[in-house]
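Spelled out, the chains give:
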Amino acid sequence: MANKWVYLFSEGNANMRELLGGKGANLAEMTGLGLPVPQGFTITTEACTQYYEDGREINDEIQGQINEYIVKMEEITGKKFGDKENPLLVSVRSGARASMPGMMDTILNLGLNETVVNTIAEKSGNARWAWDCYRRFIQMYSDVVMEVGKKYFEELIDKMKADRGVQQDVELTADDLKELAAQFKAEYKEKIGEDFPDDPKEQLMGAIKAVFRSWDNPRANVYRRDNDIPYSWGTAVNVQSMAFGNMGDDCGTGVAFTRDPATGEKKLMGEFLKNAQGEDVVAGVRTPMPIAQMEQEFPEAFADFVKVCETLENHYRDMQDMEFTVENRKLYMLQTRNGKRTAQAALQIACDLVDEGMRTEEEAVAMIDPRNLDTLLHPQFDAAALKAATPAGKGLGASPGAACGKVVFTADDAVEWNAKGEKVVLVRLETSPEDITGMKASQGILTVRGGMTSHAAVVARGMGTCCVSGCGDIAMDEANKKFTLAGKEYHEGDYISIDGSTGNIYDGIIPTVDATIAGTFGRIMGWADKYRTLKVRTNADTPADAKKARELGAEGIGLCRTEHMFFEEDRIAAFREMICSDTVEEREAALEKILPYQQGDFEALYEALEGNPVTIRFLDPPLHEFVPTEEDDIKKLADAQGKTVEEIKTIISSLHEFNPMMGHRGLRLAVTYPEIAKMQTKAVIRAAINVQKKHNDWTVKPEIMIPLSCDAKELKYVKDIVVATADAEIAAAGVELEYQVGTMIEIPRAALTADEIAKQADFFCFGTNDLTQMTYGFSRDDAGKFLDAYYDAKIFENDPFAKLDQVGVGKLMEMAIKLGKPVNPNLHVGICGEHGGDPSSVEFCHKIGLDYVSCSPFRVPIARLAAAQAAI
Ligand code: ADP
Ligand code: MG
Ligand code: MG
């Protein structure tokens, strides 16, 4: 049987999201629930994939089925495309599996031409409406299908308004709109070189193609990469008969949430705009009314809507984000989805749903997107400083958080300044989807126009970026890059602070403080800990980092990079003496100076970890990273060593390597200079003995981690030195102390020979930064230069340094575990690359049987939640 490419809304349901896209599946589900949905059909995501396979063409089979479904739709609605009596008008809407608000294209009022527009004008007695629909259609079709560009049409509208001396679109008359439609068509002909298409079926195929094509537009590609949505999914297309919110003052269009998407509070929230269509309500063309006000003006439709909200919440058991239209006082539902929300709201809603008996604890944990937590862990304004400050203005608290930075006026400037290391706040009249990269590069976003559902608000919430929208008090002069607020003129580069919770705007810098895990956050994390089996450790090099990580729930240190402890001035001097020594005696003398520093650092780390495991990695980077480059420093070193400047320079140049990341580093240093490993071992063991003495109730059990091994004999050579040194220290102290010696698996050969390596190691820890680099043969410091081309060419969808490559690198990890565990049943295994805090990578680590992940302190809660989700 031929493939089924098209489904009526009445043939689908919410479980068919993969095939029908989120929007299509939910339109079908609402149809099944008996809600008032204008009927239509959905062309599947598979048809989109097929379109790309066929070289961006819709093949005959799919076109044939679309034509069949047009006939079915005509029967259901009793209207016909292009009909002189009762014409069918439709919207053509994109809808991917995961919602991508505003990223792809939609066309409304399709099916209009000169004949049809006259028919509907006559039959409705509402010529203004008819021509408004037609000019909108030409505008959208030209923009989306023919890519003529919105701005030409907007300029024509502005000119018309100026000619007529009116402010608002709704003040334009039927004749004005008819005139505009004619101007639009002329514009179209000039730009495209053809007449605007009159045949509704031709219009429809063009529109469907355009929606498929919009899957591959640049802003959709960026959004997908940020949100982990695979390119291969494709978008479905929904063809739906129109409901008209622009027929007059007893019509309108709205968007609403069943709970507050900023705080999670259980109350109907939203906006409604009279005599309007489609995006008008979010685009900020006029200021919409709050949803509550709809109750007075549209009592029946409002009552129906409240009932629909209840039905949908109970049905989906989650907060809903809905689009609806009122045509001649009657309600039509156009969309519902589980609403996007701030991290704070997500926690509140999940807890409330458990308390309301709608969800289990496990389900509540599964509802939270771990990546979202990031925002809650970032600094908030210092409460005292905030209280003392007087706001310069106030907008809507559209996306919570505290942002402080220099004012910039364009998305491009935001990107540029951010690249220079500046913190910026992007200030715009309103944002548009093209601004997305600039929004990402900003600490916060401030807009003059727009409500809680404006583009800026929705996108900022999705990104977890602080946003204040709709501050009408700002007198904006975008062209000259300045604005005035509360009597003060702000220029590019001036400091401003914005509070995304209250909507307050402050002149200058308000200091920030660190966040804590409490309230609903604490509750959810408690549930997460109850259900997860994977342990979460942290990468910490300083006691301060370790303490922070403990507060955030770390159960140990998985990686302490000791080289970070050598960078202080006194230490680096001693370290340089060590590197530039000619004899073992000279080198040991220099190391003696470093030993107490290291020991002190380790003691502080053990203290901070309160008896939880601490993994200390021995010196890893190549030595040349430590040698002096300034003449002064070289001279100082020469004096300290009793050598000439020339001698020191010769030593330094002898350390030069062509490819240092594959050079003299890691345990190779311990092979050539065993003194270094000995010194580090002494520091680790002495520190452990001291701290253990102070705290009887703790078990201080150091884990010494040897980096970069590739061979069992090589590892044994270094390990024997470590063990001999450690045992001698313990014997000399006359105490008992357990310790472990393990290695990092970060060279493919180590994974391939893990059965041999496991005989020499108490534990493995996957250093997936190096393992990724060495498996791909990409230098992690240089890959950024060419990876963009890989994304553009769809060779890669993700940065393998950010999201673990499960296919290749993951296979090496699995192999190492499978080879290692049978040889050494006590072997424990962790990961300490950047991937340890990436949710999808954490899930993979759970699956392949790791004991723990280790990540930077602020990622610890994210990893705890991701680990729980992997286990549920
Ligand atoms: P997005 O996914 O970007 O929200 P939509 O497909 O939802 O795009 O459509 C954009 C706007 O057009 C929405 O405000 C929606 O409510 C409106 N719209 C879509 N289809 C119809 C329709 N059949 N009748 C009336 N309005 C519609
Ligand atoms: Mg929508
Ligand atoms: Mg490494």
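Remember, it's a predicted structure, so these values are computed and weren't measured experimentally.

In this model helix α28 (residues 712-733) runs 31 Å from its N-terminal to its C-terminal C-alpha over 22 residues, within 8% of the 32 Å that 1.5 Å per residue would give. Elements in contact with the buried residues of α28: α26 (667-672), α27 (674-694), β27 (702-706), β28 (740-745) and α30 (754-757).

On to the UniProt feature "domain: PEP-utilising enzyme C-terminal" (unreviewed entry) in the protein chain. UniProt annotation of "domain: PEP-utilising enzyme C-terminal" (unreviewed entry) refers to residues 521-870 when read in the numbering used here. Along residues 521-870 one finds 54% helix and 11% strand; the C-alpha atoms at either end are 19 Å apart.

Glancing now at the sheet that holds strand β7 (residues 269-274). Ordered in space as β8-β7-β6-β9-β10, the five strands form an open sheet in which the pairing is antiparallel. Only two strands of the sheet have a single partner each, and these edge strands are β8 (289-290) and β10 (330-338). Bridge count for β7 against β8 is two bridges, and the pairing is antiparallel. Paired with Glu-271 across the bridge in β8 is Pro-290. Docked against the sheet, helix α12 (residues 299-316) engages β9 (320-327) and β10, running at close to 25° with respect to β10.

Further remarks concern the site of ligand 1. Taken together, 16 residues sit near ligand 1, with Ser-91, Arg-93, Thr-106, Gly-278 and Glu-323 positioned nearest. Mapped onto the shell around ligand 1, the elements with two or more residues apiece are β3 (90-96), β4 (106-110), β9 and β10. Class assignment for the residues of the shell around ligand 1 results in six nonpolar, seven polar and three charged. Shared between two domains, the shell around ligand 1 holds at least three residues of each, these being domain 1 (6-244) and domain 2 (245-341).

A separate point is the UniProt feature "coiled-coil region" (unreviewed entry) in the protein chain. Annotation from UniProt places "coiled-coil region" (unreviewed entry) at residues 167-194. In the segment residues 167-194, helix accounts for 68% and strand for 0%; the C-alpha atoms at its two ends are 33 Å apart.

Our focus in this paragraph is the packing of helix α13 (residues 343-355) against helix α20 (residues 519-531). Contact geometry of α13 with α20 gives a least axis separation of 9 Å together with a crossing angle of 65°. As for the relative orientation of α13 and α20, their crossing is left-handed in sense. Mapping the contact onto sequence places Leu-347, Gln-348, Ala-350 and Cys-351 in α13 and Thr-520, Phe-521, Arg-523 and Ile-524 in α20. The class makeup of the residues in the contact of α13 with α20 is five nonpolar, two polar and one charged.

Before going further, it helps to examine the sheet that holds strand β1 (residues 6-8). The five strands lie next to each other as β1-β2-β5-β3-β4, forming an open sheet whose pairing is antiparallel. Since the sheet does not close on itself, it has two edges, and those belong to β1 and β4, each with one partner. For this sheet, the mean angle separating the axes of adjacent strands, direction not counted, is 20°. One ladder, built from four bridges, connects strand β2 (residues 40-43) with strand β5 (residues 235-241); its direction is antiparallel. Each bridged residue has a counterpart across the sheet, and for Ile-43 the counterpart in β5 is Val-237.

Along its sequence, the protein chain is organised into domain 1 (6-244), domain 2 (245-341), domain 3 (379-513) and domain 4 (532-622 + 657-871). Computed over C-alpha atoms, the centres of domain 2 and domain 3 are 27 Å apart. Taken together, the contact pairs ten residues of domain 2 with 15 residues of domain 3. Counted by class, the side of domain 2 that touches domain 3 contains six nonpolar, one polar and three charged residues.

Okay, the packing of α27 against α28 next. In the contact formed by α27 and α28, the axes pass within 9 Å of each other and the chain directions differ by 40°. With respect to α28, the element α27 is oriented oblique. Once α27 is placed against α28, the crossing between them reads as right-handed. Contact residues: α27 offers Pro-674, Ala-677, Lys-678, Thr-681, Lys-682, Ile-685, Arg-686 and Ile-689, while α28 offers Val-718, Ile-721, Val-722, Thr-725, Ala-726, Glu-729, Ile-730 and Ala-733. Residue classes in the contact of α27 with α28 are distributed as ten nonpolar, two polar and four charged.

Conventions used here
- Residues numbered from 1 in each chain as written.
- Chains lettered and ligands numbered in written order.
- Predicted model: local features only at pLDDT ≥ 70, side-chain atom pairs only at ≥ 80, totals over all residues.
- Helix = DSSP H or I, 4+ residues; strand = E, 2+ residues; numbered from the N terminus.
- Expected span 1.5 Å × (residues − 1).
- Contact = placed C-beta atoms within 7 Å.
- UniProt positions renumbered as here; feature names shortened; annotations may be inferred.
- Pairing = 2+ DSSP bridges.
- Axes fitted to C-alpha atoms, helices over the stretch in contact; angles between N-to-C directions.
- Near = placed C-beta within 6 Å.
- Nonpolar A, V, L, I, M, F, W, Y, C, P; charged D, E, K, R; others polar.
- Domains from an automatic or database assignment.
- Left-handed = near helix turned anticlockwise from the far one by under 90°.
- Parallel < 35°, antiparallel > 145°, perpendicular 65-115°, else oblique.

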